[in-house]
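Below, each chain spelled out in residue letters.
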Amino acid sequence: MRFPRSQTFLDGMTVIIFAVAVLTPLAGMCAHLGQLREQDENRHLAPAPELRLAGAWSAFPSAFTAYFDDHFGFRRTLVEAHAWTMAAVWGESSSPNVVIGKKGWLFFAEGLRSYQGLAPFAPIELGEWISELCNMRDWLASRGIKFYVLFPPDKHTIYPEYLPASIKRGPSPTRLDVLTAALRRRQVDVVDIRQPLLQAKGSEILYHRTDTHWNGHAGFVAYQALLAEMSRSFPQLQSFPRSHFTLSPVSHTGDLAAVLGLTYDYDEKMLFLRPSSSTVHITSPSNKVVITERNDPRLPHMVMLRDSFANFVVDLLSENFRRAVYVWDYRFDPALITQEQPDLVVFEMVERGLETTSNNSLLLKDLALDGDANAQANRP
């Protein structure tokens, strides 16, 4: 039986297309094209398995499979294409950690349960948060050190209009509402910047569209609010005007876009404010500690316990302190405070931390560590 030429041609093309589809990932793997990177996955990729004459060969197949899955050619390209199709065509997220909102805005799923009223504080949990932060305040106050608390709000708190219609604000107060009110009743200095941010967003965008973080504009709002509160006890602390700082855009793939594997059409400028001219000296003993110094003995000395949101206020605040120590850690370390002997301490934690951070991590030993700390503090 003879097949028509058209059928033979189609069969041949099918074989060629199949062969190309099978061989292209292998060719890309050999040429290192379109492969995943460790920063894309936020993990170490599987290493190439070793062929040994002696040893357990039974482990080789699974090790090779893991290596091939992580390294085959054009995987990154395919992941990006899948994520872009899901987001741009279907409006759906390819990750449970990211919510796709309106007009290309991306939101972190963490913290949304509190916003929706689905994760209220349990009474014992709220009591622990209050106790931890009040203990910090009291321990510092006994040494003449002022204490301030700052909770940068989540993006959805300031821009709920870009959330998908399916996500609604719950009728009950959020964790941030409840804790802020409780701390203020106990005379803890909480600098609540939600209202200033809501007022400022009419003039400029305050959060990055494809990232969890706010930007330099929001950082300036936080800077002004912090300095206004601090100046009640430290009159020499007066915030610099906006003209003292210049906008510094940095090319960046937003962390939420990166989680989805999106780069095409989702790149964004990370906006920082930098001093136009500064005499601040910066040292970084590690990637977790940044120390800035300014040659002005009239200015106070600060320690800040913080997270990545403080990256957008470090350059601003450092203009107002003779020495500032920024520690990327929520844990309260009396030894550090005793060593630094600051005039004030700032505890900064993003709003979603109230839902996702165990308050057992805030203090090292529940301030039963007072014995050692007091002993150090009373040394001549």
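Remember, it's a predicted structure, so these values are computed and weren't measured experimentally.

## A word on the overall build of the protein chain
Part 1 of the argument: When helices and strands are tallied, the protein chain shows 15 helices and 11 strands.
Part 2 of the argument: Here the protein chain holds 380 residues, and the buried ones make up 45% of them.
Part 3 of the argument: Long-range pairs, those at least 24 residues apart, make up 72% of the contacts in the protein chain with a sequence separation of at least 6.
Part 4 of the argument: As presented, the protein chain carries roughly 20,000 Å² of accessible surface, and 57% of it is formed by carbon and sulfur atoms.

## Considerations on the environment of Ser142
Part 1 of the argument: Examined against the element boundaries, Ser142 turns out to sit in the loop between α6 (123-141) and β3 (146-150).
Part 2 of the argument: Separated by 2.7 Å, the side chain of Ser142 and the backbone oxygen of Trp139 make a polar contact.
Part 3 of the argument: At a separation of 2.6 Å, a polar atom in the side chain of Ser142 contacts the side chain of Arg143.

## Some details on the pairing of strand β8 (residues 289-293)
Part 1 of the argument: Bridging between strand β7 (residues 281-286) and β8 involves four bridges; their strand directions are antiparallel. Within the sheet, the bridge partner assigned to Thr283 lies in β8 and is Ile291.
Part 2 of the argument: Once β7 ends, the chain turns through two residues before running back antiparallel as β8.
Part 3 of the argument: Across five bridges, β8 lies against strand β10 (residues 323-327) in antiparallel orientation. Paired with Ile291 across the strands is Val325, a residue of β10.

## Here's the deal with the confidence of the model for the protein chain
Part 1 of the argument: Summary statistics for the protein chain give a mean pLDDT of 81 and a share of 68% for residues scoring 70 or more.
Part 2 of the argument: Confidence over residues 364-380 falls short of pLDDT 50; this stretch has 21 contacts with residues more than four positions distant or in other chains.

Reading the values: the criteria
- Residues numbered from 1 in each chain as written.
- Predicted model: local features only at pLDDT ≥ 70, side-chain atom pairs only at ≥ 80, totals over all residues.
- Heavy atoms only, no water.
- Helix = DSSP H or I, 4+ residues; strand = E, 2+ residues; numbered from the N terminus.
- Buried < 20%, exposed > 50% of the residue type's maximum accessible area, 1.4 Å probe, protein only.
- Contact = heavy atoms within 4.5 Å.
- Areas by Shrake-Rupley, 256 points an atom, 1.4 Å probe, with all protein chains shown as cover.
- Polar contact = N/O pair within 3.5 Å; in protein donor to acceptor, adjacent residues only side chain to side chain.
- Pairing = 2+ DSSP bridges.
- pLDDT = per-residue confidence, 0-100.

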